[in-house]
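Listed here are the chains, written in short residue letters.
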Amino acid sequence: MTLKELKKKVLTLIEESKSGVLSETDDPDIKAKLPFVINEILFELARYKKIPAYKEEEVTKNQIYDLSKLNNFYQLKNIKNIQYEDINELNIQFMEAGKALITYYKYPTIIDETTSDDFKLELSLDALEIAPLGIAADLLKADVSNQYGQIYSNRYRELIQTLDSRYATGSVEITGGINI
């Protein structure tokens, strides 16, 4: 999904689309807030439905590696091929030299007023499909007269609980049969 498609869904949901251009609005307040609210909701969803990332790194023995230098680093999943020890949540020490495959979770790319509408969003489709509800809830939270903000917020919170954080399910293959 692109940023333009997400904007279109949000503005259609809150009935603020500019006639003829569904991904734009005439409301200057909504127009100013939209990129920042989108960014906030995408970051929140990335903590529920994590964005996997990988990096191969040539390392030396006893090298201390700063995980925060990884692209939008959020959380370490694992490191393969090389033994390492945790120093703290952002630093590890490699116990041997070689090529490390670092698997981690990352935050999404920051969305702001300069981000192109063609930008491809990094979250999985299931997370992106509920994002418009969270964005609409934030945009309308100050409008207490019709309570749409609260309605969208309640539905968004419901759907967040249904997100499956797995990207793949494990499987086991047994060959040669089993003796019981």
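Before reading on, note that the structure itself is shown above.
Below: a short report on this structure. (Residues numbered from 1 in each chain as written. Predicted model: local features only at pLDDT ≥ 70, side-chain atom pairs only at ≥ 80, totals over all residues. Heavy atoms only, no water.)

**Describing helix α1 (residues 3-13)**
Then comes step 1: For α1, the full list of buried residues reads Leu-3, Leu-6, Lys-7, Val-10 and Leu-11. Each buried residue of α1 sits inside an arc of 125 degrees when the element is viewed along its axis, so together they form one side.
Then comes step 2: Looking at the buried side of α1, the elements it contacts are α2 (28-48) and α3 (125-140).
Then comes step 3: One or two steps after α1, the chain reaches Glu-15, where phi turns positive at roughly 55 degrees. (Buried < 20%, exposed > 50% of the residue type's maximum accessible area, 1.4 Å probe, protein only. Helix = DSSP H or I, 4+ residues; strand = E, 2+ residues; numbered from the N terminus. Arc of directions from axis to C-beta. Contact = heavy atoms within 4.5 Å.)

**A few points about the sheet that holds strand β4 (residues 84-88)**
Then comes step 1: Across the sheet, three strands lie side by side as β2-β5-β4; this open sheet has antiparallel pairing. The outermost strands of the open sheet, each flanked by one partner alone, are β2 (64-66) and β4. Sheet twist, expressed as the average angle between the axes of neighbouring strands with direction ignored, equals 30 degrees.
Then comes step 2: Note that β2 and strand β5 (residues 91-94) share three bridges and pair antiparallel. Each bridged residue has a counterpart across the sheet, and for Tyr-65 the counterpart in β5 is Ile-92. (Pairing = 2+ DSSP bridges. Axes fitted to C-alpha atoms, helices over the stretch in contact; angles between N-to-C directions.)

**Describing the side chain of Lys-106**
Then comes step 1: Relative to the assigned elements, Lys-106 resides in strand β6 (residues 98-106).
Then comes step 2: Overall, Lys-106 belongs to the buried group, its relative accessible area being 10%.
Then comes step 3: In this structure the side chain of Lys-106 is engaged in a polar contact, spanning 2.9 Å, whose partner is the side chain of Glu-122.
Then comes step 4: If we skip the residues at most four places from it in the chain, Lys-106 touches Ile-51, Ala-53, Asn-71, Asn-72, Phe-73, Tyr-74 and Glu-122. (Polar contact = N/O pair within 3.5 Å; in protein donor to acceptor, adjacent residues only side chain to side chain.)

**A closer look at the nonpolar core**
Then comes step 1: Counting 33 residues, the largest nonpolar core has Leu-6, Leu-42, Leu-45 and Ile-135 as its most contacted members.
Then comes step 2: When residues in this core are grouped by element, the largest group, ten residues, is from α3.
Then comes step 3: By size, the runner-up hydrophobic cluster in this structure holds 13 residues, among which are Ala-53, Tyr-65, Phe-73 and Phe-94. (Core = buried A, V, L, I, M, F, W, Y, C linked by side-chain atoms within 4.5 Å.)

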